[in-house]
Structures are given as C-alpha cells and as structure tokens.
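Working through the structure, step by step
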Amino acid sequence: MTDLVIRNARVMTCDPKRDGLGVIEEAVIAIADGRIAWVGPEATYAAGRSSAVIDAGGQLVTPGLVDCHTHAIFAGQRANEFAMRAAGAGYLEIAAAGGGINATLGPTRAASDADLIALLEGRLATLLAGGTTTLEIKSGYDLTVAGELRLLRCVAEAARRPGAPRIVPTLLAHLVPPERKADRDTFVRELVLDLVPAVAREGLATSVDVYCDEGAFTLAETTAILTAAKAAGLAVRGHVGQFADLGAASLLADLGALSGDHLEQIDDAGIAALARAGIVAVMLPGACVQLRLPVPPIAKLRAAGVPMAIASDLNPGSSYCEALPIQLWLATTHYAMTVDEAWLGVTRHAARALGLSATGVGTIAVGGPADLVLWSCREPAEVPYRYAANLVERVIVAGVPRS
Ligand code: NIG
Ligand code: FE
C-alpha cells in the first residue's frame with residue numbers, strides 16, 4: 001500500500017547511478033511514509049493499492065530544489081543601496097558610507113523573536129512556491145555571541161513549525177561589527193572560545209561558515225574560527241574570493257570543507273585545492289550580477305572536476321531573491337554552465353554542499369525523501385529558458401503536497 005503514486009511523469013532523478021540528469025520517460029513514482037518506495041518506467045510498475053494518484057500529464061518531475069546558501073534570517077531591507085548601486089556606487093563604497101552588512105545589524109538586533117520568525121516564514125513560503133524544498137540558512141546579522149545564538153534558535157523554531165521546508169542551519173562569522181573593530185582579536189577569541197562551542201553544544205547548526213575576504217575576516221582569523229568548528233565536531237565552509245583571493249581555498253581543503261562559495265576570485269592553485277579535497281564550488285550568480293563582479297572561472301572549475309552548486313544567496317544586500325529558477329537562468333547564460341550542470345547545481349550537488357549526499361536529498365531514488373517538484377513543462381532547459389514564468393505546478397515535501 002502506498003500513500004501517493006505519481007504517474008505519467010517525465011522524471012529527472014539526478015541519481016548518480018544514472019547518466020546525466022537520469023531522466024526516466026513515462027515513469028511512475030510511488031511514495032510511502034514520506035519516502036520514495038519505487039521509481040521507474042510505467043511499463044515495469046506492478047501497480048498496487050494507493051491512497052492517492054496524481055497524473056503528471058507527461059510533464060517534468062524533479063527533485064525538490066536545494067538552496068545551499070541563504071542568509072534568510074534578517075530584518076529590514078536595503079533598497080536604498082540597490083538604488084545607489086544602480087547610480088554607479090560600488091559595494092565597498094556603499095559599505096564605507098555605513099551601508100552593507102552593518103546596515104542590517106540594527107534592524108535585526110531590534111526585531112523580536114516573533115518578528116524575525118514571521119519574516120523568515122514569509123520568505124520560506126516564497127521559496128517553497130519557487131520549488132525549494134531544502135534550504136540552508138546562515139546566521140550572521142547580529143554579530144554578538146548571544147545574538148547569533150538567538151538567530152539560530154529562531155531558525156530552529158521556524159524549522160519545527162508545520163509546513164516548513166527542510167532547513168539546514170549554519171553559523172556564519174560574517175564580519176567584525178563596528179563596535180568591536182577596536183578589539184577585533186578579543187571578538188575573534190569570543191567566537192572561537194564561546195560561540196562555536198555553544199552552537200555545537202546546543203545543536204544549533206551543522207556547519208560554520210566564515211566570510212574570508214577584504215573588509216571581513218583575514219585568513220588567520222578564518223583559520224582560527226574554522227579550526228575551532230572542526231574541533232567542536234561541526235562541518236566547515238567558506239565565503240571565499242568574492243572580492244579578493246586571500247588564499248582560503250587551501251585552508252578549506254586542509255579542513256575537508258563541504259563548500260567554497262562565491263569564487264569570483266580564485267587562482268589555479270585554489271581550484272586545484274578544491275578539486276583535491278572534493279569541495280563543492282557554490283556559484284551565486286545573482287549576487288555576482290548585482291555587484292557587477294567578474295564571472296568565476298567556470299571552465300577551469302569544470303576541467304578540474306570540481307562539483308558546482310548554484311544558490312540564491314538570499315540576503316538583503318547583494319541578492320534579495322528567494323527563487324532558484326532565475327539562478328538557473330543566470331547560471332546557464334551569464335556563467336555559461338550547461339543545462340545539466342545547472343540542474344545538478346540546484347539538486348544533487350547542492351545537497352552535497354550541505355553534507356546531505358547520503359540522505360538522498362536532491363535526488364529521486366528509492367529510500368530517499370519524497371521531496372518533488374511537478375513542472376508545467378517537459379524539457380529541463382525550459383525552466384531557465386522561460387525564466388520569468390513560474391513553471392512550478394506542485395511542490396511535495398516528504399510525500400505531502402504543499403501546493
Ligand atoms: O554572500 N558576502 C557576504 N555576505 C553576503 C552579502 C550580505 C549583505 O550584503 O548583507 C553575500 O553576498
Ligand atoms: Fe552569502
């Protein structure tokens with residue numbers, strides 16, 4: 001007995017055991033207890049009893065999308081900076097004028113838990129409607145020990161609520177806040193000795209990310225924070241090379257990091273380090289375009305065999321975007337990634353960047369979670385090609401239809 005059967009589907013499994021996107025024509029997916037019980041061609045399906053049947057009408061069914069890099073918990077907005085940028089101001093110039101990440105600290109610190117959770121839930125609803133069933137959420141807009149713990153507790157509360165997508169929380173050492181500039185060494189020590197161990201103890205995040213760049217954390221500070229994270233049993237990842245290559249890729253390789261994100265600036269040695277350690281390169285084309293940064297070295301990453309993921313970077317500054325389909329468009333046009341690379345980038349490779357490969361998230365495979373998107377198109381290329389249409393027909397999380 002199955003809970004739900006989806007028939008007459010063109011299923012993109014993204015299963016690593018199959019070639020390319022692992023498409024099965026005229027397929028059936030059977031779901032029981034929130035998991036995939038069977039997937040294969042309809043001709044070989046031994047139909048049993050099922051509580052519900054959905055006819056996909058021959059259209060595409062994919063894994064639920066995985067957004068592996070978001071800063072989705074924050075208050076306030078920075079449309080004024082968007083306008084300044086449109087008028088020619090640069091990111092570092094805007095930051096020097098009191099804008100940038102620091103401008104989000106005040107509203108976020110001032111917001112109540114209930115307000116932060118309500119804002120986050122609004123974004124989660126938009127994400128789900130765009131096909132995202134799993135997302136990573138970073139802290140990083142409070143930048144005090146107590147405040148970062150509060151943000152992660154709010155994320156945990158939102159994740160527990162009925163109807164939430166799957167959420168993977170990350171502690172982000174985003175910046176040294178303005179009031180700690182004069183004693184930044186003490187601030188970094190607090191992160192290492194207090195915040196990281198507290199996050200691990202309370203189980204508030206599964207990984208720690210550091211923004212290692214000009215104007216953020218130095219390579220030495222990044223080394224200290226990520227080494228503490230490893231020692232506390234947490235996975236590590238890094239915002240690296242968005243503006244300047246500080247050499248963090250080899251640190252990430254030495255620590256066995258899950259991902260290196262942004263990578264507009266990365267040299268050949270850095271690419272080799274990512275490849276050697278099997279680290280996922282997380283591409284954030286929305287932020288890249290908005291900040292008018294150079295395109296990361298996609299051809300070199302591809303040639304080196306570095307798996308590439310694509311994420312929204314949802315944040316109030318460089319990419320206020322909850323949707324992955326538009327990132328697929330930017331990846332396949334501006335970044336010159338292939339359609340297959342782009343799809344794997346928002347499914348299987350994104351799950352790998354979150355340390356979820358063994359769970360089956362990001363694929364449609366027997367035993368894995370029944371997180372699915374039913375699309376109103378047949379061709380994988382149609383989603384980025386028709387980038388302004390919402391082609392999401394239905395979203396299913398753990399076997400439960402959400403729309
Ligand atoms: O990933 N690069 C650092 N952090 C964000 C930007 C955050 C902000 O501007 O508020 C990013 O692009
Ligand atoms: Fe980011």
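Heads up: the structure comes first, above all this text.
Everything in this summary refers to the structure shown in the same document. (Residues numbered from 1 in each chain as written. Chains lettered and ligands numbered in written order. Predicted model: local features only at pLDDT ≥ 70, side-chain atom pairs only at ≥ 80, totals over all residues. Heavy atoms only, no water.)

For the iron ion (ligand 2), the protein coordination sphere consists of H69 (NE2), H71 (NE2), H239 (NE2) and D313 (OD), at 2.1 to 2.4 Å. Coordination of the iron ion (ligand 2) draws on donor residues from a single chain, spaced H-x1-H-x167-H-x73-D in sequence. Exposure remark for H69: the relative accessible area of 0% places this residue in the buried category. A relative accessible area of 2% means that H71 is categorised as buried. (Donors = N, O, S within 2.8 Å, 3.2 Å for Na, K, Ca; no water. Buried < 20%, exposed > 50% of the residue type's maximum accessible area, 1.4 Å probe, protein only.)

This brings us to the packing of aromatic side chains. What the rule picks out here adds up to 5 aromatic pairs. Between the aromatic rings of F74 and Y141, the centroid separation amounts to 6.2 Å while the plane-to-plane angle is 70°, which identifies the pairing as edge-to-face. Remark: Y141 occurs in the loop between β7 (132-138) and α5 (145-160) and F74 occurs in the loop between β6 (65-67) and α1 (79-86); sequence separation between them is 67 residues. Judged by centre distance (5.4 Å) and plane angle (75°), the rings of F74 and Y320 are edge-to-face. Of the two residues, F74 is situated in the loop between β6 and α1 and Y320 in the loop between β13 (308-310) and α12 (325-333); the sequence distance between them amounts to 246 residues. Judged by relative accessible area, F74 falls into the buried class, the value being 0%. Three or more aromatic residues joined by ring pairs form one cluster here, namely F74, Y141 and Y320. When the ring centre of F74 is taken as reference, the NZ or CZ atom of R123 above it lies at 3.6 Å. (Phe/Tyr/Trp six-rings, centres within 6.5 Å; stacked < 30°, edge-to-face > 60°. Helix = DSSP H or I, 4+ residues; strand = E, 2+ residues; numbered from the N terminus. Lys NZ or Arg CZ within 6 Å of the ring centre and 35° of its normal.)

For the rest of this paragraph, the subject is the sheet that holds strand β8 (residues 166-173). Pairing in this open sheet of 8 strands is parallel, and the strands run β6-β7-β8-β9-β10-β11-β12-β13 from one edge to the other. Since the sheet does not close on itself, it has two edges, and those belong to β6 and β13, each with one partner. The sheet shows a mean angle of 25° between the axes of neighbouring strands, taken without regard to direction. In this sheet, strand β9 (residues 207-212) lies alongside β8 in parallel orientation, the contact comprising 4 bridges. (Pairing = 2+ DSSP bridges. Axes fitted to C-alpha atoms, helices over the stretch in contact; angles between N-to-C directions.)

Bringing the pairing of strand β12 (residues 280-283) into the picture now. Here β12 shows a buried face lined by V280 and V282 and a second buried face lined by A281 and M283. Summarising the sheet, strand β11 (residues 259-262) and β12 pair through 3 bridges and their orientation is parallel. Within β12, the residue paired with S259 across the bridge is V280. On the question of chirality, the crossover connecting β11 to the parallel β12 by way of helix α9 (residues 268-277) is right-handed. Judged from the 3 bridges that link them, β12 and β13 form a sheet pairing that is parallel. Within β13, the residue paired with M283 across the bridge is I310. (Right-handed = clockwise from strand over helix to strand, strands pointing away.)

So, on to the site of ligand 1. If you check the shell around ligand 1, you find 15 residues, and the closest are Y141, H174, Q242, D313 and S318. In the model, a nitrogen atom of ligand 1 is placed 2.9 Å from a nitrogen or oxygen of the H174 side chain. The contact in question runs from an oxygen atom of ligand 1 to an N or O atom on the side chain of S318, over 2.8 Å. Calculation on ligand 1 without its partners gives an accessible area of 330 Å², and the protein chains cover 100% of this total. A class-by-class count of the residues in the shell around ligand 1 yields 4 nonpolar, 9 polar and 2 charged. (Near = heavy atom within 4 Å. Polar contact = N/O pair within 3.5 Å; in protein donor to acceptor, adjacent residues only side chain to side chain. Areas by Shrake-Rupley, 256 points an atom, 1.4 Å probe, with all protein chains shown as cover. Nonpolar A, V, L, I, M, F, W, Y, C, P; charged D, E, K, R; others polar.)

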